[in-house]
Amino acid sequence: MSTLLLIGHGRMGRLVESLAPEQGFDVVGAIDSRAAVSGDWPAADVAIDFSVANSVPATVARLARQRMPIVIGTTGWQPHEAAVRSTAATAGIGRR
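Owing to the predicted nature of the structure, the values given are computational and were not obtained by experimental measurement.

**With respect to the packing of aromatic side chains**
On inspection of all chains with the given rule, the structure shows 0 aromatic pairs. Taking NZ or CZ as reference, Arg62 lies 4.0 Å from the ring centre of Trp41, over its face.

**Thoughts on the nonpolar core**
Membership of the largest hydrophobic core comes to 14 residues, with the highest contact counts inside it found for Leu5, Ile7, Trp41, Ala47, Leu63 and Met68. Mapped by element, the contributors of at least two residues to this core are β1 (2-7) and α3 (56-65). With 3 residues, the single largest contributor to this core is α3. Excluding its chain neighbours within four sequence positions, the residues that come into contact with Met68 are Leu5, Pro42, Ala43, Ala44, Val46, Ala47, Leu63 and Ile93. Counting 6 residues, the second largest nonpolar core, distinct from the first, contains Leu6, Val16, Val46 and Ile48.

**Structural notes on the pattern of salt bridges**
With the rule as written, the count across this model stands at 1 salt bridge. With its nearest N and O atoms 2.8 Å apart, the salt bridge here joins Arg85 to Glu81. Note that Arg85 and Glu81 are positioned in helix α4 (residues 81-91) at a spacing of 4 residues, about one turn of the helix. Among the residues examined, Arg85 registers a relative accessible area of 56% and is labelled exposed. The exposure class of Glu81 is partly exposed, given its relative accessible area of 26%.

Parameters at a glance
- Residues numbered from 1 in each chain as written.
- Predicted model: local features only at pLDDT ≥ 70, side-chain atom pairs only at ≥ 80, totals over all residues.
- Heavy atoms only, no water.
- Phe/Tyr/Trp six-rings, centres within 6.5 Å; stacked < 30°, edge-to-face > 60°.
- Lys NZ or Arg CZ within 6 Å of the ring centre and 35° of its normal.
- Core = buried A, V, L, I, M, F, W, Y, C linked by side-chain atoms within 4.5 Å.
- Buried < 20%, exposed > 50% of the residue type's maximum accessible area, 1.4 Å probe, protein only.
- Helix = DSSP H or I, 4+ residues; strand = E, 2+ residues; numbered from the N terminus.
- Contact = heavy atoms within 4.5 Å.
- Salt bridge = Lys/Arg side-chain N within 4 Å of Asp/Glu carboxyl O.

Have a look at this one:
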């Protein structure tokens, strides 16, 4: 079973959490706004972000340091797209 880290634990994050096991994923953590700024985040095979647009660049940078692939489901982060893509490319995540 692959491991999954959820970033954002609102409606979509909870939905993904409920569906993950039947898709072969074990949710190892759910990062909400309180945990986003403090504490360690669990290691996982992949992260899914359903947080808020302005936090996407920092989230990607943090996960890039761990070389953890991330799927971004958050809307409205496109103004940050160039920087996010650069961070991911430098870390070697997001490509096969």
